[in-house]
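These are the residues of each chain, in order.
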Amino acid sequence: MARIQTPHRVRGTQDIFRDEQRRFAHVLETFDRVRKLYCFERIEIPMFEATEVFARSIGETTDVVLKEMYTFPDRGGDSLTLRPEFTAGIARAYLTEGWQQYAPLKLATSGAVFRYERPQKGRYRQFHQIDAEVIGAPEPAADVELLVLADQLLRELGIDGVTLQLNTLGDAETRDAWRAALVAHFEAHRDALSEDSLKRLDKNPMRILDSKDPKDRPIADSAPDIDAYLTADARAFFDAVTAGLDAAGVAWTRNARLVRGLDYYRHTAFEFVTDRLGAQGTVLAGGRYDGLIESLGGPPTAGVGWAAGVERLGMLVAEPLAESVFFAVVPKDVAAEAAAEKLQAIIRRQGLPVDMPYKGNMKRRMQKAASSGAVFTIIIGGDELARGEVSIKEMETGDQRVTSLQSIHDDAITAFAETFNIPLRDAR
Ligand code: ATP
Ligand code: MG
């Protein structure tokens, strides 16, 4: 029979294993710990939504909606889309699930998101985000809290060399005036703009400011800043955010070119950026989106939030320690296997990790135990077992001694630990 060809992994997806998995888990665990310090509630939302949830809220003219969404008809003929981000789904849930009664809400979630992109280092088609949002709070204190949370997360992950770049997009009045000035500036340089930016000029001129096309850069760099157009209210809001950051000891720099393209983005826009990941240097990004919920048919509702790529953060953390195998159990012969099982069960029920190589002769199993990283190997069987004893080998020194099995069984591991001077806190 011809050999069946193994199906391959789909382009842009990942199988996360060993070192990468440890980094990944470390990011998620740290996020979960830190979000609790800020009293953000954990939520879960669907991985797919009606396509219009994203089309309406992310905006029909963005790259994500135009080119990157995984959209498909389901068997009933409805158009569904795999979530390319969390914010839109959270806003939809806020409206359809009656969460409005709890406003303001501080929410956190994480999971897979999907974008049809060109895969490269730090850029995948299925990747993972952590996400934090505050819905129903128009106060600058919400922006500050989200930014301080992000800063503490990066600190606790031990990621340094990341800069918080901050901008304001002002209020509606500011934005309209600035937008008009931008359009006038770009119109004057129409001939020199890239093809993509010419398209943006009609629908989304602010996006030209953060164009990565070298052709656009000089024109984007010489475009007018928002500052001259800020209303007193918009200026006061931005000042309150920066004062809050300064008070909390969070460093930031102004980046007047940083924008979010959509009409409903207001006031704060930010990115945490590193130069350690090449073109994929933005690790965490967000802003205030006070018009988004209205675009989904809800009442005017304030919102602000951020998302960060778990893989990109994972690449920046030092490799977390491997999970420890504290004890290995090696039975000397088949007759000792039941006693070895019993011993393992006792140790595990006391909350200590133990592993037993499944098969092989004594020598093979000792080699397995050594390569597992076990601190102690318990060798059980033969005459020793008949006398109610086991041998315990300290792997690092090779020291081996005999102890009574009963002493491990009884108040068991504590007494055992004392005998062998094992720091139990490290083991747990
Ligand atoms: P980029 O400019 O890198 O495409 P973006 O502006 O599309 O990023 P956001 O939509 O703001 O990114 O998503 C928030 C975060 O999610 C990013 O800062 C990044 O860490 C991560 N991210 C975005 N797209 C990908 C991807 N395709 N693969 C892995 N991580 C991603
Ligand atoms: Mg992108």
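In this text the structure is predicted, and so the values were computed from the model without any measurement. (Residues numbered from 1 in each chain as written. Chains lettered and ligands numbered in written order. Predicted model: local features only at pLDDT ≥ 70, side-chain atom pairs only at ≥ 80, totals over all residues. Heavy atoms only, no water.)

### So, the packing of aromatic side chains
And then number 1: Evaluated as defined, the whole model comprises 7 aromatic pairs.
And then number 2: Relative to phenylalanine 376, the ring of phenylalanine 327 has its centre 6.2 Å away and its plane inclined at 35°; by these criteria the two rings are tilted. Residue phenylalanine 327 is found in strand 12 (residues 327-331), and its partner phenylalanine 376 is found in strand 14 (residues 376-380); the two are separated by 49 residues along the sequence.
And then number 3: According to the relative accessible area criterion, phenylalanine 327 is buried, its value standing at 1%. (Phe/Tyr/Trp six-rings, centres within 6.5 Å; stacked < 30°, edge-to-face > 60°. Helix = DSSP H or I, 4+ residues; strand = E, 2+ residues; numbered from the N terminus. Buried < 20%, exposed > 50% of the residue type's maximum accessible area, 1.4 Å probe, protein only.)

### As for the pairing of strand 14
And then number 1: For strand 14, the buried fraction is high: 5 of the 5 residues fall into the buried class.
And then number 2: Neither face of strand 14 is open: one carries Phe376, Ile378 and Ile380, the other Thr377 and Ile379, and all of them are buried.
And then number 3: With 5 bridges joining them, strand 12 and strand 14 adopt parallel strand pairing. Within strand 14, the position partnered with proline 331 by the bridge is isoleucine 380.
And then number 4: Summarising the sheet, strand 14 and strand 15 (residues 389-394) pair through 4 bridges and their orientation is antiparallel. Residue pairing across strands places threonine 377 opposite lysine 393, the latter belonging to strand 15. (Pairing = 2+ DSSP bridges.)

### Remarks on the sheet that holds strand 3 (residues 71-73)
And then number 1: Read from one edge of the open sheet, 3 strands run 2-4-3, paired in antiparallel fashion. Of all strands in the sheet, those with a lone pairing partner are strand 2 (48-50) and strand 3, marking the two edges. Averaged over all adjacent pairs, the angle separating strand axes in this sheet is 35°, with direction ignored.
And then number 2: In the packing of helix 2 (residues 51-58) onto the sheet, contacts are made with strand 2, strand 3 and strand 4 (79-82), and the angle to strand 2 comes to roughly 80°. (Axes fitted to C-alpha atoms, helices over the stretch in contact; angles between N-to-C directions. Contact = heavy atoms within 4.5 Å.)

### Section: the domain arrangement of the protein
And then number 1: Partitioning the protein into domains gives domain 1 (18-171 + 231-316) and domain 2 (327-427).
And then number 2: Each of domain 1 and domain 2 has a C-alpha centre, and the two are 49 Å apart. (Domains from an automatic or database assignment.)

### Observations concerning the packing of helix 2 against helix 4 (residues 87-96)
And then number 1: Contact geometry of helix 2 with helix 4 gives a least axis separation of 9 Å together with a crossing angle of 105°. Our classification of the angle between helix 2 and helix 4 gives roughly perpendicular. Across the interface between the two elements, Val53, Phe54 and Ser57 from helix 2 touch Ala88, Gly89 and Arg92 from helix 4.
And then number 2: Its residues assigned to classes, the contact of helix 2 with helix 4 comprises 3 nonpolar, 2 polar and 1 charged. (Parallel < 35°, antiparallel > 145°, perpendicular 65-115°, else oblique. Nonpolar A, V, L, I, M, F, W, Y, C, P; charged D, E, K, R; others polar.)

### Quick look at the pattern of salt bridges
And then number 1: One pass over the full model with this rule turns up 25 salt bridges.
And then number 2: The residue glutamate 117 makes a salt bridge to arginine 123 at a minimum N-O spacing of 2.9 Å. Taken as a pair, glutamate 117 and arginine 123 share a single burial class, namely buried.
And then number 3: Among the salt bridges present, the one from arginine 155 reaches aspartate 151, with a minimum N-O distance of 2.8 Å. One end of the pair, arginine 155, and the other, aspartate 151, are both in helix 5 (residues 140-156), 4 residues apart, so they sit about a helical turn from each other. (Salt bridge = Lys/Arg side-chain N within 4 Å of Asp/Glu carboxyl O.)

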